[in-house]
Amino acid sequence: MAPEQPDVQHVDVLVVGAGLSGIGAACHLQDECPGKSYLILESRGAIGGTWDLFRYPGIRSDSDMFTLGYAFRPWKDSKAIADGAAIRSYIQETAREHGVEAKIRFHHQVLSADWSSADARWTVTARRTDTGATVRFTCSWLTVCSGYYRYDEGFRPEFPGEERFPGQVIHPQHWPEDFDATGKRIVVIGSGATAVTLVPNLAGAAEHVTMLQRTPSYVMTLPGRDPLARFLRDKLPEKLAYPIVRWKNVLLSTAFYQFSQRFPKAARKLLHRLTQKQLPGVDVGTHFNPPYDPWDQRLCLVPDGDLFRSLRRGDASIVTGRIRTFTEKGIELESGEHLDADVIVTATGLNLLPIGGMTLCRDGRPVDLSETVSYKGMMISGVPNFSMVIGYTNASWTLKADLVNRYVCRLLNHMDAEGYVAATPVAPPEGADQPFLDLASGYVQRSLTQLPKQGRRKPWRLHQNYIRDVQLMRRGSLEDEGMTFSRGVPTTTEKAVA
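Scoring rules and cut-offs
Numbers given to residues run from 1 along each chain, matching the order in which its sequence is written. Reporting in this predicted model follows two pLDDT cut-offs: at least 70 for local features of residues, and 80 or more for side-chain atom pairs to be given and counted; totals over whole chains, interfaces and linings ignore these cut-offs and use all residues. Hydrogens and water are ignored here; the side-chain numbers use all heavy atoms of the structure. In this text, helices come from DSSP runs of H or I with a minimum length of four residues, and strands from runs of E with a minimum of two, each type numbered from the N-terminal end. Every radius of gyration here is taken over C-alpha atoms, with the globule rule written as 2.2 Å times N^0.38, N being the number of residues. Only protein chains enter the calculation, and the probe is 1.4 Å; a residue is then buried if its accessible area is under 20% of its type maximum, exposed if over 50%, and partly exposed in between. Note on contacts: a residue pair is in contact if any heavy atoms of the two residues lie within 4.5 Å. For the charge count, each Lys or Arg is scored as positive and each Asp or Glu as negative, with His and the chain ends excluded. Every charge is mapped to an atom, namely NZ of Lys, CZ of Arg, CG of Asp or CD of Glu. Note on definitions: salt bridges are taken to be side-chain nitrogens of Lys or Arg within 4 Å of carboxyl oxygens of Asp or Glu. What is meant by a nonpolar core is a set of buried Ala, Val, Leu, Ile, Met, Phe, Trp, Tyr and Cys residues, joined one to another through side-chain atoms within 4.5 Å. DSSP calls a pair of strands paired once it identifies at least 2 bridges connecting them. For every element, the axis is a line fit to its C-alpha atoms; helices are fit only across the contacting stretch, and the angle between N-to-C directions ranges from 0 to 180 degrees. To estimate how far a helix should reach, multiply one less than its number of residues by 1.5 Å. By definition, the arc is the one covered by directions from the helix axis to the C-beta atoms. Working definition: rings of Phe, Tyr and Trp (its six-membered ring) pair if their centres are within 6.5 Å, and the pair is stacked with planes under 30 degrees apart, edge-to-face with planes over 60 apart, and tilted otherwise. For a Lys NZ or an Arg CZ to count as sitting over a ring, it must be within 6 Å of the ring centre and within 35 degrees of the ring normal. Convention used here: angles under 35 degrees read as roughly parallel, angles over 145 as roughly antiparallel, angles from 65 to 115 as roughly perpendicular, and any remaining angle as oblique. Throughout, the ten residues Ala, Val, Leu, Ile, Met, Phe, Trp, Tyr, Cys and Pro are labelled nonpolar, Asp, Glu, Lys and Arg are labelled charged, and all others, Gly among them, are labelled polar.

When helices and strands are tallied, the protein chain shows 13 helices and 25 strands. Taking 2.2 N^0.38 as the reference for a compact globule, 498 residues should give roughly 23 Å; the C-alpha atoms of the protein chain span a radius of gyration of 24 Å, in line with that estimate. Referenced to the eigenvectors of the C-alpha coordinate spread, the extents of the protein chain come out at roughly 70 × 55 × 45 Å. The proportion of buried residues among the 498 residues of the protein chain is 53%. A separation of at least 24 residues holds for 69% of the contacts in the protein chain among residues at least 6 apart in sequence. Charged side chains of the protein chain number 58 positive and 55 negative; the gap between the two group centres comes to 5 Å.

Okay, the pattern of salt bridges next. Under the criterion given, the structure shown has 24 salt bridges. Note that Asp293 is salt-bridged to Arg268, the shortest N-O span being 3.5 Å. In this pair, Asp293 sits in the loop between helix H9 (284–287) and strand S11 (300–303) while Arg268 sits in helix H8 (residues 264–278), placing the two residues 25 residues apart along the sequence. Residue Asp293 is classed as partly exposed on the basis of its relative accessible area, which comes to 29%. Assessed through its relative accessible area of 22%, Arg268 is described here as partly exposed.

Here we come to the environment of Gly476. By the element assignment, Gly476 lies in the loop between helix H13 (466–475) and strand S25 (483–486). Measuring from C-alpha to C-alpha, the distance between Gly476 and Leu353 comes to 30 Å, with 123 residues separating the pair along the chain. Not counting chain neighbours up to four residues away, the residues in contact with Gly476 comprise Arg410 and Gln471.

Take the nonpolar core next. Ranked by internal contacts, the top residues of the largest apolar core, which has 124 residues, are Ile23, Trp122, Ile186, Val188, Phe386 and Leu411. Looking at which element gives the most residues to this core, the answer is helix H11 (residues 397–418), with eleven residues. In this structure Val188 touches Ala195, Leu198, Val199, Leu202, Val209, Thr210, Met211, Leu212, Val345 and Ala347, once residues within four positions along its chain are discounted.

When strand S4 (residues 108–116) meets strand S5 (residues 121–128), the two strands line up antiparallel, connected through eight bridges. Within the sheet, the bridge partner assigned to Ala113 lies in S5 and is Val124. What sits between S4 and S5 in their antiparallel hairpin is a turn of four residues, with Ala120 showing a positive phi close to 55 degrees. Of the strand pairs in this sheet, S4 and strand S17 (residues 359–362) are connected by four bridges, and their pairing is parallel. Following the sheet pairing, Ala113 is matched in S17 by Leu360.

A word on the sheet that holds strand S8 (residues 185–189). Ordered by their spatial adjacency, five strands build an open sheet running S7-S16-S8-S9-S12, and the pairing between neighbours is parallel. Of all the strands in the sheet, just strand S7 (168–170) and strand S12 (316–320) have a single pairing partner and so form its edges. Put simply, the sheet's adjacent strands are angled 20 degrees from each other on average, direction ignored. Pairing geometry for strand S9 (residues 208–213) and S12, over five bridges, is parallel. Paired with Gln213 across the strands is Thr320, a residue of S12.

So, on to helix H4 (residues 84–97). The first and last C-alpha atoms of H4 sit 20 Å apart over 14 residues, in line with the 20 Å expected at 1.5 Å per residue. Every buried residue of H4 is accounted for by Gly84, Ile87, Arg88, Tyr90, Ile91, Thr94 and Ala95. Along the axis of H4, the buried residues cluster in a sector spanning 155 degrees; they form a single face. The inward-facing, buried residues of H4 abut helix H1 (20–32), helix H2 (50–53) and helix H3 (65–68).

We now examine the pairing of strand S16 (residues 343–346). Covered by surrounding structure in S16 are Val343 and Val345 together with Ile344 and Thr346, the residues of both alternating faces. Of the strand pairs in this sheet, S7 and S16 are connected by three bridges, and their pairing is parallel. Across the sheet, Gln168 pairs through a bridge with Val343, a residue of S16. Summarising the sheet, S8 and S16 pair through four bridges and their orientation is parallel. When the bridges of S16 are listed, Val188 appears paired with Val345.

On inspection of all chains with the given rule, the structure shows 18 aromatic pairs. Ring geometry for Tyr70 and Phe72: centres 4.9 Å apart, planes at 15 degrees, overall stacked. Given the relative accessible area of 3%, Tyr70 is considered buried. Accessibility expressed as a relative area gives 30% for Phe72, which makes it partly exposed. Taken together, a centroid distance of 5.2 Å and an interplanar angle of 75 degrees make the contact between Trp175 and Phe179 edge-to-face. As far as burial versus exposure is concerned, Trp175 and Phe179 are alike and both buried. Aromatic ring contacts, followed pair by pair, group Tyr70, Phe72, Trp75 and Tyr90 into a single cluster. Just above the ring of Tyr38 sits the side chain of Lys103; from NZ or CZ to the centre is 5.6 Å. The side chain of Lys184 reaches across the aromatic face of Phe179, ending 5.8 Å from its centre.

Here we take up the packing of H11 against H13. Contact pair H11 / H13: the axes reach a minimum separation of 9 Å and the direction vectors enclose 10 degrees. In terms of axis orientation, H11 runs roughly parallel to H13. Of the residues in H13, those touching H11 at Leu399, Asp402, Leu403, Val404, Arg406, Tyr407 and Arg410 are Tyr466, Asp469, Val470, Leu472, Met473, Arg474 and Arg475. Residue composition of the contact of H11 with H13, by class: eight nonpolar, no polar and six charged.

Below you can see the structure in the form of structure tokens.
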């Protein structure tokens, strides 16, 4: 093997990202692979990832915290939908309690990773965002836990006439710390999770808030505090109560998703009826009746119906229409209606950035993600000792992250036991033509060409179903037709191990 460079630090596992997934990965490594050395590279200067970056008013989880939280560290509050600060503290406390903080290298933005078949290791190049220096690490396994959002830039279409509008135009991803909504007329452009969070949290202080949407979304209310969690708190020990509440929420969300997929007309009618009950004086058929079926895009959840309350009180209103132009006083719609505004918030979505924007190479040859096939939703064909964490689109992110992180630990221990130095997925012989993310949301559709494909059967097809995935990821075989292993032989002679 090539001699180690003196300024290059080697670890068994290198984790990219110190957010919810990365901290979880580290905790699982310590618990299930205690002999493995690891480091976490984080491009920013703090723990928390998305929950540290986004600071707009009211930012909160759009999944319940009993499933968004870690299975190994119970969420202790009965509050089901938590604000961003509480989630950030939860991640930070988990890292501190498990001794993970000392393993994080902040201000390390990973630029590239190159796998050497001869050495059976990755060389990872990072840039110090605080000093500009270039640093390198080597590792035997590389796991990317950076999510899929681009942190430095959200999706921001240009609107006609923007230069004419004299007021503030704000994208939620870059919310100004000193913003004061008091007395202002605010138009929030968008209909997704960010918009339905912002509107009720700006209403009240503002003179008025208008949610302007081109296309409606399905919006469903959820109790802010979990009734079962409150009931069990004084009845059972925490270690018993937490998994009961967690599985109750998994089963309910899975059941509603499956119901929506199998009976979309019935699901649409149910959501329509529930929304009408919340908004008796609002034209629900216009403003809450999307042209797509439930769960073709992610459902928007509002705790205790806060958006609906704001609309009922008149602090906020909703308008469905297309923008013709910005004006000196606000926004003119194609219908001719004019929305007066002092501030315009462009809650127009996010940009995806696969594997944190890093470039991958194998033996110096670039890897094009779009030409690879996903293996169990966590590895990619032709790339050894590499995993990535991408959460569910129809359930809590952490449910999937937990499965992937534990599977990596199983695989690492299996490789050690069998003397393998590399695990490399292969594409299915019949090819693959399924999208990596089966979601019609704009941020997904804009980026599908950059992502791996999925096959039509397992292990190249991972269903958006936590219960089925538990069987595959926790109990399924580590050696199957989609995986090859090697004991240090050249890549060209690798064979699948039966």
